[in-house]
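Structure assessment
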Amino acid sequence: MDLFSLKGKNIAITGASSGFGHHFAGVLSGAGANVILGARRADKIADRVSEINQSGGQALGIPLDVTIPDSCADFLHQAEEAFGPVDVLINNAGVEAGAKTYAMIDEDDWDFVLDTNLKSVWRLSKMYTESVVKNKQSEGNIINVSSITAYRTIKGQFPYAVSKAALVKATEIMALEGARYGIRVNSLAPGYILTDVSRILLESERSDTFVKGIPMRRYGEFEDLDGPLLLLASDGSRYMTGSTVVVDGGHIVSEL
Ligand SMILES: NC(=O)c1ccc[n+]([C@@H]2O[C@H](COP(=O)([O-])OP(=O)(O)OC[C@H]3O[C@@H](n4cnc5c(N)ncnc54)[C@H](OP(=O)(O)O)[C@@H]3O)[C@@H](O)[C@H]2O)c1
């Protein structure tokens, strides 16, 4: 299926030391991409890079803190130095503030989550857009990792859910404004999949009742995201921009 091939494409992934980003790096490499992995835990990135390289892929790890402008600039610069212009940027890094309501969080919780999940996406996307223009690339592609918390309303995920809802709107505006540079911008909104970000809910006593609200009656698995990821990263989505692809077993259309 050439339409979904990523052969020769350079794809930079933030938050690739664990969870989705770690998994995405392998999937994208398997489809032929050169992958650039960024996150703060350099040892975990290095392990993943060597796994991918040993299985015949082309991967590079770069220490990255998305909340630090110089670190973001360095990440994109080093990625380009290694493989050439970046074809796809995946803004995946994300954090949550624990099971807290809006009345429980403090200024630091708000800044921690919003800086990582939202401001960094703007920052990296702006830097990426500047490099697409500078390199005279005919096209670019940004994928933002949002969440079904952008659509569902549950207690105790503030300000995480606020950041993810804002990311849906950011995706739409960036799509509108990025089109003049040939840049497509879409987002992926996964449902609940067990990782460090979701552990606090999925391993709580609410878990059994919570899963009954998912029409497909199970939490997601990493592999459930592979098809939508390959669609958004490849030419298979060449006429898609401003879209959010929800992958949640029907959770947002549930009555519960
Ligand atoms: N799991 C779910 O059910 C679910 C559902 C919907 C959406 N999501 C979203 O999916 C994305 C990935 O999360 P995950 O579930 O895979 O959790 P995870 O395993 O905790 O992954 C989060 C990643 O973000 C990185 N990160 C955090 N702060 C960073 C920073 N300042 N700079 C660079 N990297 C940073 C972490 O790496 P370091 O700590 O090494 O920096 C880690 O690699 C997040 O945006 C999350 O909101 C998750």
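A few points on the structure. Just so we're clear, the structure is a prediction, and the values are computed from it rather than from any experiment. (Residues numbered from 1 in each chain as written. Predicted model: local features only at pLDDT ≥ 70, side-chain atom pairs only at ≥ 80, totals over all residues.)

Attention now goes to the overall build of the protein chain. For the protein chain, the count of helices and strands is eight helices and seven strands. Overall, the C-alpha framework of the protein chain stretches about 50 × 40 × 40 Å when taken along its three principal axes. Per-residue burial for the protein chain yields a buried fraction of 43% across its 256 residues. Considering only residue pairs separated by 6 or more positions, the protein chain has 72% of its internal contacts joining residues 24 or more positions apart. (Helix = DSSP H or I, 4+ residues; strand = E, 2+ residues; numbered from the N terminus. Buried ≥ 20, exposed ≤ 12 C-beta atoms within 10 Å, placed from the backbone. Contact = placed C-beta atoms within 7 Å.)

What follows deals with the site of the ligand. Neighbouring the ligand are 29 residues, the closest being Gly15, Gly19, Arg40, Gly94 and Thr195. Tallying contributions element by element places helix 1 (residues 19–30) first for the shell around the ligand, with three residues. (Near = placed C-beta within 6 Å.)

Moving on, we come to the sheet that holds strand 2 (residues 34–39). Strands belonging to one sheet form pairs held by backbone hydrogen bonds; the direction of such a pair is parallel or antiparallel. Taken together, seven strands build an open sheet; the order of strands is 3-2-1-4-5-6-7 and the sheet is parallel. Two strands close off the open sheet at either side, each with one partner strand: strand 3 (58–63) and strand 7 (244–247). In this sheet, adjacent strand axes meet at a mean angle of 20° when their direction is disregarded. Two elements, strand 5 (residues 140–145) and strand 6 (residues 183–190), share six bridges in a ladder whose sense is parallel. Along strand 6, the bridge assignment pairs Asn144 with Ser187. Lying over the sheet, helix 2 (residues 42–54) contacts strand 2 and strand 3, oriented at roughly 175° with respect to strand 3. (Pairing = 2+ DSSP bridges. Axes fitted to C-alpha atoms, helices over the stretch in contact; angles between N-to-C directions.)

As a further point, take helix 3 (residues 69–83). The terminal C-alpha atoms of helix 3 lie 22 Å apart, and with 15 residues this matches the ideal 21 Å at 1.5 Å per residue to within 8%. Residues Cys72, Phe75, Leu76, Ala79 and Phe83 constitute the buried set of helix 3. Angularly, the buried residues of helix 3 cover 85° about the axis, an arc narrow enough to put them on a single face. Set apart from the buried face of helix 3 by more than 90 degrees, the exposed residues are Asp70 and Glu81. Where helix 3 is buried, its residues touch strand 1 (10–14), strand 2, strand 3 and helix 4 (107–134). One or two positions beyond helix 3, positive phi appears at Gly84, with a value near 100°. (Expected span 1.5 Å × (residues − 1). Arc of directions from axis to C-beta.)

Looking now at the nonpolar core. Judged by nonpolar contacts, the single largest core of 61 residues is most densely connected at Ile11, Ile13, Val35 and Leu37. It is helix 4 that contributes the most residues to this core, six residues altogether. When near neighbours in sequence (up to four residues on either side) are disregarded, Ile13 contacts Gly21, Phe24, Ala25, Val35, Ile36, Leu37, Gly38, Ile90 and Asn92. (Core = buried A, V, L, I, M, F, W, Y, C linked by C-beta atoms within 7 Å.)

Counted at 1.5 Å a residue, the expected span for helix 1 with its 12 residues is 16 Å, and the 17 Å between its end C-alpha atoms agrees. Of all the 12 residues making up helix 1, 10 are buried; the element is thus mostly covered by neighbouring parts of the structure. Those residues of helix 1 lying buried are Gly19, Phe20, Gly21, His22, His23, Phe24, Ala25, Val27, Leu28 and Ser29. Remark: Gly32 follows helix 1 within two positions and exhibits a positive phi of approximately 110°.

What follows is about the packing of helix 3 against helix 4. Close contact between helix 3 and helix 4 brings their axes to 10 Å; oriented N to C, the two are set at 40°. With respect to their mutual orientation, helix 3 and helix 4 come out oblique. When the axes of helix 3 and helix 4 are compared, the crossing they make is right-handed. Across from Pro69, Cys72, Ala73, Leu76 and Glu80 in helix 3, the residues of helix 4 making contact are Arg123, Leu124, Met127, Tyr128 and Ser131. Class assignment of the residues belonging to the contact of helix 3 with helix 4 gives a composition of seven nonpolar, one polar and two charged. (Parallel < 35°, antiparallel > 145°, perpendicular 65-115°, else oblique. Left-handed = near helix turned anticlockwise from the far one by under 90°. Nonpolar A, V, L, I, M, F, W, Y, C, P; charged D, E, K, R; others polar.)

In terms of burial, strand 2 is largely enclosed, as six of its six residues are buried. The β-α-β motif built from strand 1, the intervening helix 1 and the parallel element strand 2 has right-handed crossover chirality. In this region the chain leaves strand 2, passes through helix 2 and returns to the parallel neighbour strand 3; the handedness of that crossover is right-handed. (Right-handed = clockwise from strand over helix to strand, strands pointing away.)

Among the eight residues that make up strand 6, eight are buried, leaving the element largely enclosed by the rest of the structure. Burial along strand 6 is two-sided: Ile183, Val185, Ser187 and Ala189 and Arg184, Asn186, Leu188 and Pro190, pointing in opposite directions, are all buried. Two strands pair when backbone bridges link them, and strand 6 and strand 7 are joined in this way by four bridges, in the parallel orientation. Of the residues in strand 7, the one forming a bridge with Ala189 is Val246.

Interpretation note: all reported values are geometric properties and have no functional meaning in isolation.
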